[in-house]
Structure formats: C-alpha cells, structure tokens
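Single-letter residue listing:
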Amino acid sequence: MTIFTGPPSDAIRNKPITNELKNVLDTAAVAAGIDTIRITSGGQDAIGHGTRRTGSTRHDLGRAADVQCLVGGQALTFTDDAAPPGILRFVTAAAAAGATGIGAGVGYMGNRTIHVGFGTSVDDHNRLTWGAGGRSATAPQWLRDAAQDGWDAGGAVPPAGPVAAGAHPGRFVVIARDGLKLRGGPGTNFDPERTLPAGTELNVVAVSNVDPAWVRVDLEGDGLLDGYVFAAFLAEVGAAPD
C-alpha cells in the first residue's frame with residue numbers, strides 16, 4: 001500500500017486532495033514500485049470560496065497536487081534531459097489512470113517534484129504537459145513522451161511492480177488497449193516507428209542494459225530485431241488477462 005504524506009500544514013495549498021486524484025497517484029505509485037508519495041502542495045480554496053489559494057485553478061478543491069516519489073526514503077530525481085525508469089513509469093501510469101495535467105522541469109519546481117492532476121476546471125479535459133514557466137513548449141521531452149504513452153494506452157495501467165525486471169526472452173503479448181509504440185531505441189527519446197495493436201504477440205529477445213524498463217523485440221520470430229517496447233505493457237503469453 002502506498003504511503004501518503006503531506007501536504008504541510010503551513011503550505012498555502014494545504015487542503016486534502018480528492019479521492020479520485022489519490023486513486024490516480026496510488027495506482028501510478030504501485031505500478032512504478034514507489035512506496036511513498038510526498039505531497040508538497042495539495043488542494044486549495046476555490047475562487048470566491050476562500051482566501052487560502054495561489055496560482056492557477058488546477059489545485060482548487062484538491063484536483064491537483066505537487067508530489068515527490070520516494071523509494072526507500074529517498075526522493076527520485078530527474079533532469080530536463082532524462083528521468084529514471086521509476087519516474088517514467090509513474091508518469092505513464094498516472095496518465096493511463098486518468099491524470100490529464102502533468103508538469104515537471106528543473107526550472108519549474110526543481111528536480112524531484114511533479115505536478116499531477118486534472119484540468120483547470122471539472123469541465124476541462126484537455127491533456128497537457130508543461131515545464132518551466134508553466135508552458136507546454138518547455139516540458140521535458142521525456143515527460144511529454146511518458147505521458148503520451150499513458151494516454152495512448154487507453155486506460156490500460158501498467159501492472160503493479162517492476163515488470164521489466166522480470167522480463168526474459170520468450171513470447172509476450174501487447175496489453176495496452178490502444179496499442180504499444182515500437183521505438184528504435186530503449187527510451188521515449190527515440191521516435192516511434194509504428195504502433196503494435198493490442199493482442200500483438202512478439203518475442204522478447206533481451207532486456208535493455210541502458211534502461212531495464214525497455215525490452216528488445218523480434219516481431220516475426222525470424223531472429224531479426226525490430227526495435228524496443230516499454231515492457232510494462234507486455235504480458236507473458238498464457239498470463240494475459242481475458
């Protein structure tokens with residue numbers, strides 16, 4: 001079970017987050033192997049209903065939170081150029097679980113804090129990522145790609161636990177509802193070459209030494225390598241859900 005701490009009582013946004021958002025964060029944490037979510041900034045009063053508020057309306061009534069992901073008591077960190085597998089998996093799972101607004105960047109809130117939530121109002125369902133200055137143009141590429149992978153999954157959240165660590169050569173099936181991108185290298189910084197539909201069977205040849213969240217695959221079973229996929233959206237043949 002994910003441990004939640006915060007928000008700090010002396011923070012301006014110190015009100016609880018909604019159950020909907022807590023469920024999204026819990027789902028993402030479990031999928032990414034994160035044991036603690038530290039909320040540094042939580043809910044706030046809505047405009048016209050209180051004075052304890054700041055910034056945009058995204059945090060109103062607990063519909064967004066700024067969080068840090070902790071494993072073994074240590075917060076995972078990232079740069080604008082790259083993020084560790086745990087952060088990438090967390091973002092992808094949060095997007096798949098329903099988050100529509102995700103922001104991060106060293107020039108935004110530092111190298112360990114991520115904004116996760118919904119739109120500017122209950123009627124805003126736009127899917128956005130952003131970075132420094134709150135601008136979409138400054139969102140780190142890894143953030144854009146990891147979030148898009150989750151949105152493309154059509155609600156299929158990565159299974160709990162570090163699936164990639166248990167991946168091995170063998171026959172697997174794609175379980176992402178809207179398909180899984182095949183990329184030229186092990187990471188979202190590599191352009192997608194095609195989308196593999198849900199139900200596609202493939203051979204996992206090896207787990208990437210660069211990033212074990214990714215596996216190298218052979219689509220035709222002919223021993224030739226076709227690219228890399230994010231292992232969280234694969235299930236071993238015979239173990240896939242009905």
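Further up the page is the structure itself.
These numbers come from a predicted model, not from an experiment.

**Some points on the overall build of the protein chain**
Next, step 1: A count of helices and strands for the protein chain gives five helices and 14 strands.
Next, step 2: Once the C-alpha set of the protein chain is aligned to its principal axes, its extents read approximately 65 × 35 × 35 Å.
Next, step 3: Split into buried and exposed, the 242 residues of the protein chain put 49% on the buried side.
Next, step 4: Across the protein chain, the fraction of contacts at a sequence separation of at least 24, relative to all contacts at a separation of at least 6, is 65%.
Next, step 5: Just so you have it, the protein chain exposes about 10900 Å², and 51% of that area is on carbon and sulfur atoms.

**As for the packing of helix α2 (residues 85–97) against helix α4 (residues 141–152)**
Next, step 1: Where α2 meets α4, the axes come as close as 7 Å, and the angle between the chain directions of the two elements is 40°. When the axes of α2 and α4 are compared, the pair comes out oblique. Viewed along their axes, α2 and α4 form a crossing whose handedness is right-handed. Along its contact with α2, which presents I87, L88, V91, T92, A95 and A96, the element α4 presents W142, L143, A146, A147, D149, G150 and W151.
Next, step 2: Classifying every residue of the contact of α2 with α4 gives 10 nonpolar, two polar and one charged.

**Details of α2**
Next, step 1: For α2, spanning 13 residues, the distance from its first C-alpha to its last is 18 Å, which sits close to the expected 18 Å at 1.5 Å a residue.
Next, step 2: Of all the 13 residues making up α2, 11 are buried; the element is thus mostly covered by neighbouring parts of the structure.
Next, step 3: Inspection of α2 places G86, I87, L88, R89, F90, V91, T92, A93, A94, A95 and A96 among the buried residues, and these make up the whole buried set.
Next, step 4: Phi for G98, located one or two positions after α2, is positive at around 130°.

**Details of the pairing of strand β6 (residues 110–117)**
Along any regular strand the residues' side chains alternate between the sheet's two faces.
Next, step 1: As paired strands, strand β3 (residues 64–71) and β6 are joined by four bridges and run antiparallel to one another. Residue pairing for β6: V67 is matched across the bridge by I114.
Next, step 2: With four bridges joining them, strand β5 (residues 101–105) and β6 adopt antiparallel strand pairing. Bridging from a neighbouring strand, G105 pairs with G110 of β6.

**Remarks on the pattern of salt bridges**
Next, step 1: Enumeration over the complete set of coordinates arrives at six salt bridges.
Next, step 2: Between D60 and R53 there is a salt bridge, with the nearest N and O atoms lying 2.7 Å from each other.

**Some thoughts on the pairing of β5**
Next, step 1: Burial of β5 is extensive: five of the five residues sit out of reach of the surface.
Next, step 2: Alternating residues of β5 divide into G101, G103 and G105 and I102 and A104, and every residue in both groups is buried.
Next, step 3: Bridge analysis of β5 against strand β7 (residues 128–130) gives three bridges, and the strand direction is parallel. Paired with I102 across the strands is T129, a residue of β7.

**Here we look at the nonpolar core**
One broad rule of soluble globular proteins: the nonpolar side chains tend to lie buried together.
Next, step 1: Residues F90, V91, I114, V116 and W142 are the most contacted members of the largest nonpolar core, which totals 36 residues.
Next, step 2: Setting aside residues up to four positions removed in sequence, W142 forms contacts with F78, T79, D80, D81, A82, A83, I87, L88, V91, A104 and T188.
Next, step 3: In terms of nonpolar packing, the next biggest core, distinct from the first, is built from 23 residues, V204, V215, V217 and A231 among them.

The rules behind these values
- Residues numbered from 1 in each chain as written.
- Predicted model: local features only at pLDDT ≥ 70, side-chain atom pairs only at ≥ 80, totals over all residues.
- Heavy atoms only, no water.
- Helix = DSSP H or I, 4+ residues; strand = E, 2+ residues; numbered from the N terminus.
- Buried < 20%, exposed > 50% of the residue type's maximum accessible area, 1.4 Å probe, protein only.
- Contact = heavy atoms within 4.5 Å.
- Areas by Shrake-Rupley, 256 points an atom, 1.4 Å probe, with all protein chains shown as cover.
- Axes fitted to C-alpha atoms, helices over the stretch in contact; angles between N-to-C directions.
- Parallel < 35°, antiparallel > 145°, perpendicular 65-115°, else oblique.
- Left-handed = near helix turned anticlockwise from the far one by under 90°.
- Nonpolar A, V, L, I, M, F, W, Y, C, P; charged D, E, K, R; others polar.
- Expected span 1.5 Å × (residues − 1).
- Pairing = 2+ DSSP bridges.
- Salt bridge = Lys/Arg side-chain N within 4 Å of Asp/Glu carboxyl O.
- Core = buried A, V, L, I, M, F, W, Y, C linked by side-chain atoms within 4.5 Å.

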